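Remarks on the overall topology
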2 protein chains.
Amino acid sequence: MSRGLDHVLQRFAAAQQQATQSILRHPRIELSDQLEQLAQRATRYTESDVYGRGPLIEELEQRVAELLGKPAALFFPSGTMAQPLALRIHSDQRQQREVLLHPTSHLLLHEQNGLQELWGLIPTTIGEASQPIRKADLPQSTAASSLVLELPAREIGGQLPSWQDLLAQVQWARAQGVAVHFDGARLWQCPPYYQQSLAAIAELADSVYVSLYKDLGGIAGAILAGSADFIATARIWQRRAGGNLYSYAPFILAAQQGLDDNLQAVEQAYHYTQQLVPKLASIEGLSITPNPPQASMFHVFFPLTQRELIEAVTDYAETTGIVMLSLPRQVTESGCTCEVSVGRAAMQQTPEYWHYHWQQAFGPLLARAKKTKGE
Amino acid sequence: MSRGLDHVLQRFAAAQQQATQSILRHPRIELSDQLEQLAQRATRYTESDVYGRGPLIEELEQRVAELLGKPAALFFPSGTMAQPLALRIHSDQRQQREVLLHPTSHLLLHEQNGLQELWGLIPTTIGEASQPIRKADLPQSTAASSLVLELPAREIGGQLPSWQDLLAQVQWARAQGVAVHFDGARLWQCPPYYQQSLAAIAELADSVYVSLYKDLGGIAGAILAGSADFIATARIWQRRAGGNLYSYAPFILAAQQGLDDNLQAVEQAYHYTQQLVPKLASIEGLSITPNPPQASMFHVFFPLTQRELIEAVTDYAETTGIVMLSLPRQVTESGCTCEVSVGRAAMQQTPEYWHYHWQQAFGPLLARAKKTKGE
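Only a predicted model underlies this, so the values are computations on that prediction, with no experimental measurement involved.

1. Digging into the relation of the copies chain A and chain B
Mapping chain A onto chain B calls for a screw motion: a turn of 180° about the axis and a shift of 0.0 Å along it, with 0.0 Å RMSD after fitting. The operation mapping one copy onto its partner corresponds to a two-fold rotation axis. A shared binding surface is used by both copies, with 100% of the interface residues of chain A retained as interface residues in chain B.

Below, the structure is given as structure tokens:
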């Protein structure tokens, strides 16, 4: 990164800090205010959780287990611990180390290859990087122990396989004796597209991970859900991995708060995103994936350099107090891809409002970029 | 566990909850009050930590690194994650999976054998279960990659090797090319006995783990400290293990609070414990290990059944509001062993006060037990 870009990033961070409005996720709460809120909520409990036991933590696990229609659930500090651990259990049961994953899986891109280095599993990628795994991508036969399906697939704009295709994949897995694991970091977003309940979706999987902070606005943490036996084994592995803590109290309280405040909004955000995307996509020069959206998130491609884009976002935030985008998730020679996660923040305004401001912030720049390219 | 004992345990838990005074650790703070306190402290920071970065978390790591005189430090959710991870790094560097540990090491007794099952290391125990590892216990030569020394050794009442013996062990390890790792869950207690600073003690080790909640009263969490290179590698493994979280903010704030409130008290507690132990040991029928104490903790053996002892503690707590002991850590046919960790709670009263109340609570029972045995 050039010194110039560093400076832009500093300006971006400062502008984001000062901003009064954002298109991203939920309205920001200061750490101190959040802790005040949790202190208030904590008065409902006479004692903290201790090593994974006690009403504080068990109520949350029970609540998420019920949402997912699973017999049992276990709180984890992170999906990065919960997911390879789940796959290890499936692997041990089947005496087979191979795991099938999408090329953009979090386990392959963002976990320092812990799946292999720490958990001793062997990843095999299936499907194309630009679209979710389809039934047609699955081999005739396999010796793999599990199939990981990320619903929705974050790195490709929150795409989902069709419900029919998903059912066919699960049927394939059952026939092969392969465990189905859902990477449901953003599973909360799936019900409206599938017109199915969370439980009906989760029923397809042997194990499901959901995140408690991304869409929900908690502090950190995750839930792994499955059968009672599966979770009993997960508890042992969690101890081995150092994830069974003396107390998780603030994380638990924040997750409960997040479910109260944001779970419903995630569903509403899907419908809002259906309105928002066509509006934003009408701005000449950018393109949105997927369009129409399939979840309450999407990706936007700008044929601009990283510096041009971040400067535009920063300038606009400095002038208006409105954050239009987060930093690009992907930068290539042809341009930048940004992720937009829609939540209560965007929904405070109309889709027209965001269209207007995106046009103001990026329209001239995109027009200039098009002209330059045309010359 | 018999149904009868279950009932006693419930009564014990309730009495503990209601109690107004305790000999154990630091005065209890309600979760809600603790979160209020952390909310207050959070106003010092303009932003939360994000994936292990930012002033909030780096200031704590820096503070503990300085206390331990180490170039670098990394926050972990638990010692159960930090320690095998540290040993794995030493092991990879030396291409040797064997690790030397005391028979009562936390890694052997309380971690579901994660050291072996998850981290792929092979434990070899050295020394006797009833005393710390001594230089004389170490083999002439070894192919092990690391030597784990728990200072003080919790399961044996907080015993320590002499400073001279410790130096000899470290010298042996250096000569053998074996890494020295300190399990310093309670390392904060060591300076007065050794008449050495924390940094002078930690200097003997290649890697040091310290806990942020046990003696310090944080919520959960640990620090691993070592060379800059070692910690850079630990950061990669921490990601693999799922310990690099979106935010640890409440844990970090609580650890800072704990250092402010309790670090000095741990040193004072050593001197207090020196006064307390002879007083308590004068009660006929119980015995204290070690005597004299070497840290601000000790073990007490009661020749009573678990039920007799817990009922006595519960009865006394119900009558007086004073908690005299926590549940036994070890129960054998000949009796029960309890751990006493001395902190600001005990120090609110004189050693004579605790002697009086222990005599009241246990004296008659111990006398009866002696008489029964004598018959």
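2. Some words on the interface of chain A and chain B
Buried accessible area, meaning the area lost when the parts come together, often serves as the stated size of an interface. Listed by partner, the interface residues are 46 residues for chain A and 46 residues for chain B. Contact with chain B buries surface across chain A, with A:L118, A:R239 and A:R240 losing the most and accounting together for 18% of the total. At the boundary of chain A and chain B, one finds 0 salt bridges. Summed over the shared surface of chain A and chain B, the result is 14 residue pairs in polar contact (both at pLDDT 80 or more). Broken down by element, the side of chain A that touches chain B gets its largest block of residues, 7 residues, from helix α2 (residues 31–42) of chain A. Taken together, the residues of the side of chain A that touches chain B break down into 24 nonpolar, 14 polar and 8 charged.

3. Things to note about the confidence of the model for chain A
Per-residue confidence for chain A gives a mean pLDDT of 96, with 99% of residues at or over 70. Among the scores for the predicted complex, ipTM is 0.96 and pTM is 0.96.

4. Some details on the state of the cysteines
All names here are of chain A. Across all of its chains, the model carries 0 disulfides over all chains by this definition. Note on C338: no disulfide assigned, nearest cysteine sulfur contributed by C336 at a separation of 6.3 Å. Accessibility expressed as a relative area gives 0% for C338, which makes it buried.

5. Some details on a nonpolar patch on the surface
All names here are of chain A. On the surface, V50, Y51 and Y246 cluster together into a nonpolar patch covering about 250 Å² of accessible area. Along the chain, Y51 turns up in the loop between α2 and α3 (55–68). For Y51, a relative accessible area of 34% puts it in the partly exposed group.

6. Concerning the nonpolar core
Counting 117 residues, the largest nonpolar core has A:F182, A:L187, A:W188, B:F182 and B:L187 as the members making the most contacts within it. Top contributing element to this core by residue count: helix α11 (residues 249–281) of chain A, with 9 residues. For A:W188, the residues in contact, after removing those within four places along its chain, are A:V64, A:L67, A:L198, A:V210, A:S211, A:L212, A:D215, A:L216, A:L259, A:L263 and A:V266. Core analysis: the second largest hydrophobic core is formed by 52 residues, A:Y209, A:A222, A:F230 and A:I231 among them.

7. Re the pairing of strand β3 (residues 98–101) of chain A
Across 4 bridges, the pairing between β3(A) and strand β4 (residues 122–125) of chain A is parallel. Counterpart to A:L101 in the pairing with β4(A) is A:T125.

8. Some thoughts on the packing of aromatic side chains
Summed over all chains, the structure comprises 23 aromatic pairs over all chains. Residues A:Y246 and B:Y213 carry aromatic rings whose centres are separated by 4.8 Å and whose planes lie at 15° to one another, so their mutual orientation is stacked. Of this pair, A:Y246 sits in the loop between α10 (228–241) and α11 while B:Y213 sits in the loop between β7 (207–211) and β8 (222–226), on two different chains. Overall, B:Y213 belongs to the buried group, its relative accessible area being 14%. Relative to B:Y246, the ring of B:Y51 lies with its centre 5.5 Å away and its plane at 80°, an arrangement referred to as edge-to-face. Here the residue B:Y51 occupies a position in the loop between α2 (31–42) and α3 (55–68), and B:Y246 occupies one in the loop between α10 (228–241) and α11 (249–281), the gap between them amounting to 195 residues. Taking relative accessible area as the criterion, B:Y246 reaches 35% and is therefore assigned partly exposed. Taken together, the ring pairs in this structure connect A:F75, A:Y248, A:F251, B:F75, B:Y248 and B:F251 into an aromatic cluster. The ring of A:W237 is capped by A:R240, whose NZ or CZ atom sits 4.4 Å from the centre of that ring. When the ring centre of B:Y51 is taken as origin, the NZ or CZ atom of B:R239, which lies over that ring, is 5.4 Å away.

9. Quick word on the pattern of salt bridges
All told, the structure shown has 24 salt bridges over all chains when counted by the stated rule. B:R41 is paired through a salt bridge with B:D260; the nearest N and O atoms lie 2.3 Å apart. With a gap of 219 residues between them, B:R41 in helix α2 and B:D260 in helix α11 connect regions that are remote in the sequence. Given the relative accessible area of 41%, B:D260 is considered partly exposed. As a salt-bridge pair, B:R307 and B:E311 come within 3.5 Å of each other at their nearest N and O atoms. Taken as a pair, B:R307 and B:E311 lie in helix α12 (residues 306–320) at a separation of 4 residues, close to a single helical turn. Here the salt bridges share partners, and the residues they tie into one network are A:R154, A:E155, A:R329 and A:E339.

10. Considerations on the sheet that holds strand β7 (residues 207–211) of chain A
Residues and elements named next belong to chain A. The strand order β2-β8-β7-β6-β5-β3-β4 describes an open sheet built from 7 strands, whose pairing is mixed. A single partner strand is all that each edge strand has here, and the edge strands are β2 (72–76) and β4. On average, each strand axis in the sheet is inclined to that of its neighbour by 20°, with strand direction left out of account. Note: strand β5 (residues 146–150) against strand β6 (residues 179–184), 5 bridges, orientation parallel. When the bridges of β6 are listed, L147 appears paired with V180. This element, α10, spans β2, β7 and β8 (222–226) of the sheet and lies at about 20° to β2.

11. What about the sheet that holds strand β9 (residues 287–289) of chain A?
All names here are of chain A. In space, the 4 strands of this open sheet follow the order β9-β10-β13-β12, with antiparallel pairing throughout. Taken across any chain shown, the strands that pair with only one partner, and hence form the sheet edges, are β9 and β12 (330–332). In this sheet, neighbouring strand axes are inclined to one another by 25° on average, regardless of whether the strands run parallel or antiparallel. Running over the sheet, α11 touches β9 and β10 (297–302) and is turned about 5° from β10.

12. Remarks on the packing of helix α4 (residues 79–94) of chain B against α10(B)
All names here are of chain B. Look at α4 against α10: their axes get within 10 Å of each other, and the N-to-C directions meet at 120°. Taken together, α4 and α10 sit at an angle that is classed as oblique. You can see that α4 and α10 cross each other, and the crossing is right-handed. Contacts from M81, L85, A86, R88, I89, H90 and D92 of α4 reach α10 at F230, T233, A234, W237, Q238 and A241. Taken together, the residues that form the contact of α4 with α10 break down as 8 nonpolar, 3 polar and 2 charged.

13. What about the side chain of B:S146?
Residue and element names in this part refer to chain B. Residue position: S146 is located in strand β5 (residues 146–150). Judged by relative accessible area, S146 falls into the buried class, the value being 0%. Those residues within four positions of S146 in sequence are excluded, and the remaining contacts are L87, H90, E98, V99, L100, V178 and A179.

14. Looking at a negative patch on the surface
On the surface, a cluster of negative charge is made up of A:E30, A:D33, A:E36, B:E30, B:D33 and B:E36. Inspection of the secondary structure puts B:E36 in helix α2. What makes B:E36 partly exposed here is its relative accessible area of 31%.

About the criteria used
- Residues numbered from 1 in each chain as written.
- Chains lettered and ligands numbered in written order.
- Predicted model: local features only at pLDDT ≥ 70, side-chain atom pairs only at ≥ 80, totals over all residues.
- Heavy atoms only, no water.
- Least-squares fit on C-alpha atoms with pLDDT ≥ 70 in both.
- Contact = heavy atoms within 4.5 Å.
- Buried area = accessible area lost by both parts, 1.4 Å probe.
- Salt bridge = Lys/Arg side-chain N within 4 Å of Asp/Glu carboxyl O.
- Polar contact = N/O pair within 3.5 Å; in protein donor to acceptor, adjacent residues only side chain to side chain.
- Helix = DSSP H or I, 4+ residues; strand = E, 2+ residues; numbered from the N terminus.
- Nonpolar A, V, L, I, M, F, W, Y, C, P; charged D, E, K, R; others polar.
- pLDDT = per-residue confidence, 0-100.
- Disulfide = S-S within 2.5 Å.
- Buried < 20%, exposed > 50% of the residue type's maximum accessible area, 1.4 Å probe, protein only.
- Patch = residues over 30% accessible without salt bridge, like charges linked within 9 Å, V, L, I, M, F, W, Y side chains within 5 Å.
- Areas by Shrake-Rupley, 256 points an atom, 1.4 Å probe, with all protein chains shown as cover.
- Core = buried A, V, L, I, M, F, W, Y, C linked by side-chain atoms within 4.5 Å.
- Pairing = 2+ DSSP bridges.
- Phe/Tyr/Trp six-rings, centres within 6.5 Å; stacked < 30°, edge-to-face > 60°.
- Lys NZ or Arg CZ within 6 Å of the ring centre and 35° of its normal.
- Axes fitted to C-alpha atoms, helices over the stretch in contact; angles between N-to-C directions.
- Parallel < 35°, antiparallel > 145°, perpendicular 65-115°, else oblique.
- Left-handed = near helix turned anticlockwise from the far one by under 90°.
- Lys, Arg positive; Asp, Glu negative; His and termini not counted.
- Charge placed at Lys NZ, Arg CZ, Asp CG, Glu CD.

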